[in-house]
Amino acid sequence: MQQTTPADRTADGKTEGEAGGEADGENVFGLITPEDWFRIPLLPEERREASVSALIKRQFAGVDDQPVLRRQAEEQLLGAAEAGVEQGGVVLYLSFLEAAGIPLSASLLISRIHQRFDGLDAVSALRGKGETTLVRLPAAGRAARRRRSERTREARRLGTEFDDTIVEYFVPVPDRDEVLMLTFSTPLEPIADSMVELFDAVAGTLRWQKKAQPSQPAQRTQPAQTTQEPRGQQG
């Protein structure tokens, strides 16, 4: 597992606050994710494109004879990232974990919903749309959790026989009328329960902290009046 702090480093060598906020003292979040989860900041567009390019470069390192496949992979990733932005996403994680040579495909989209959160109201609103419960995350506090299955457009396009398993967490942002939404997804229905255990473990590491206040410039003061003693004289 790798720790993702509010100023984590992405593959393009840059850092940014995950929460996407700029106001001094604003709450930002951190997560601990598996080592092979790649983080793509979604905003601004330049950062998103730079991160996707860095990921493609890493995945195709040493492979120079697959330009069509490389271009298709980049277009697919950009499409996924842009879809995340349309859903209010600020950060997208993609899993490149493998077990016995089999890719453990998964994603995590983190979004901000600008409305007041009430746990009971959230559960009531989600009732009938999957298995929904109230939970308490170890560091982030109360949240609503929903698990559901969905036949996605991508699954239909690829002709796969399985539904995607989706786990969503709705977490109130401290001192703000805002909700942080974590949307985990995997197409691996045969091992969905094991993947959900991993998703729950990652969600359990969510924590909040205040952004550091910018250092204040030193105040200019008048130099103190001193009397210079003749050289060699003891004060």
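Residues numbered from 1 in each chain as written. Predicted model: local features only at pLDDT ≥ 70, side-chain atom pairs only at ≥ 80, totals over all residues. Heavy atoms only, no water.

### Remarks on the side chain of Glu168
Mapped onto the fold, Glu168 is located in strand β10 (residues 164–172). Within the local environment of Glu168, its side chain forms a polar contact with the side chain of Arg146, the two groups lying 2.6 Å apart. When residues no more than four places from it in sequence are discounted, the contact partners of Glu168 are Ala144, Arg145, Arg146, Arg148, Met181, Leu182 and Thr183. (Helix = DSSP H or I, 4+ residues; strand = E, 2+ residues; numbered from the N terminus. Polar contact = N/O pair within 3.5 Å; in protein donor to acceptor, adjacent residues only side chain to side chain. Contact = heavy atoms within 4.5 Å.)

### With respect to the environment of Ile56
As for its placement among the helices and strands, Ile56 is situated in helix α1 (residues 45–59). Counting along the chain gives 18 residues from Ile56 to Glu74, while the straight-line C-alpha distance between them is 6.4 Å. Apart from the residues within four sequence positions on either side, Ile56 is in contact with Arg70, Ala73, Glu74 and Leu77.

### Regarding helix α2 (residues 67–86)
An α-helical turn contains 3.6 residues, so any two residues separated by three or four positions project in the same direction. Between the first and last C-alpha of α2 there are 29 Å, a value that for 20 residues agrees with the 28 Å anticipated at 1.5 Å per step. When α2 is considered as a whole, its buried residues turn out to be Ala73, Leu77, Ala81 and Gly84. Taken around the axis of α2, the buried residues stretch over an arc of 65°, which confines them to a single face. Opposite the packed face of α2, turned more than 90 degrees from it, sit the exposed residues Pro67, Glu75 and Glu86. For α2, the secondary structure elements touched by its buried residues are α1, β4 (89–95) and β7 (107–113). At the exit of α2 stands Gly88, carrying a positive phi of roughly 85°. (Expected span 1.5 Å × (residues − 1). Buried < 20%, exposed > 50% of the residue type's maximum accessible area, 1.4 Å probe, protein only. Arc of directions from axis to C-beta.)

### Quick word on the pattern of salt bridges
What the rule picks out here adds up to eight salt bridges. A salt bridge links Glu178 to Arg112; the nearest nitrogen and oxygen atoms lie 2.2 Å apart. Highlighted residues: Glu178 in the loop between β10 and β11 (179–186) and Arg112 in strand β7, separated in sequence by 66 residues. Arg112 matches Glu178 in its accessibility class, with the two residues each being buried. One salt bridge in this structure joins Arg146 and Glu168, with 2.6 Å as the shortest N-O distance. With a gap of 22 residues between them, Arg146 in strand β9 (residues 141–150) and Glu168 in strand β10 connect regions that are remote in the sequence. Judged by relative accessible area, Arg146 falls into the buried class, the value being 9%. In this structure Glu168 comes out as buried when scored by relative accessible area, which is 3%. (Salt bridge = Lys/Arg side-chain N within 4 Å of Asp/Glu carboxyl O.)

### Quick word on the nonpolar core
With 27 residues, the main nonpolar core has Ile110, Leu182, Phe184 and Leu206 as its most contacted residues. Contributing elements (two or more residues each) for this core: β2 (27–33), β4, β7, β10, β11 and α5 (192–203). Broken down by element, this core gets its largest block of residues, five residues, from α5. In this view, Leu182 contacts Leu31, Leu108, Leu109, Ile110, Val167, Glu168, Tyr169, Ala203 and Leu206; residues no more than four positions away in its chain are not counted. By size, the runner-up hydrophobic cluster in this structure holds 13 residues, among which are Ile56, Leu77, Leu94 and Leu109. (Core = buried A, V, L, I, M, F, W, Y, C linked by side-chain atoms within 4.5 Å.)

### Focus: the confidence of the model for the protein
Here the protein averages 77 in pLDDT, and 72% of its residues register 70 or above. Ranking the helices and strands of the protein by mean pLDDT puts α5 first, with 96, and strand β1 (residues 2–4) last, with 56. Throughout residues 5–25 the model reports pLDDT below 50, and contacts reaching past four residues in sequence, or to other chains, amount to 57 contacts. In this model residues 220–235 is a low-confidence stretch, pLDDT under 50, and it forms zero contacts with partners more than four residues away in sequence or in other chains. (pLDDT = per-residue confidence, 0-100.)

### Let's talk about the sheet that holds β9
Spatial ordering of the open sheet is given by β3-β4-β7-β11-β10-β9-β8, a layout of seven strands whose pairing is antiparallel. Each edge of the sheet is formed by a strand with only one pairing partner; in this case those strands are β3 (37–41) and β8 (131–137). Here the average twist between neighbouring strands, direction ignored, is 20°. Where β7 meets β11, seven bridges bridge the pair, whose relative direction is antiparallel. Among the inter-strand pairings, Arg112 is bridged to a residue of β11, identified as Leu180. Here α2 sits on the sheet and contacts β4 and β7; the angle it forms with β4, its principal contact strand, is near 140°. (Pairing = 2+ DSSP bridges. Axes fitted to C-alpha atoms, helices over the stretch in contact; angles between N-to-C directions.)

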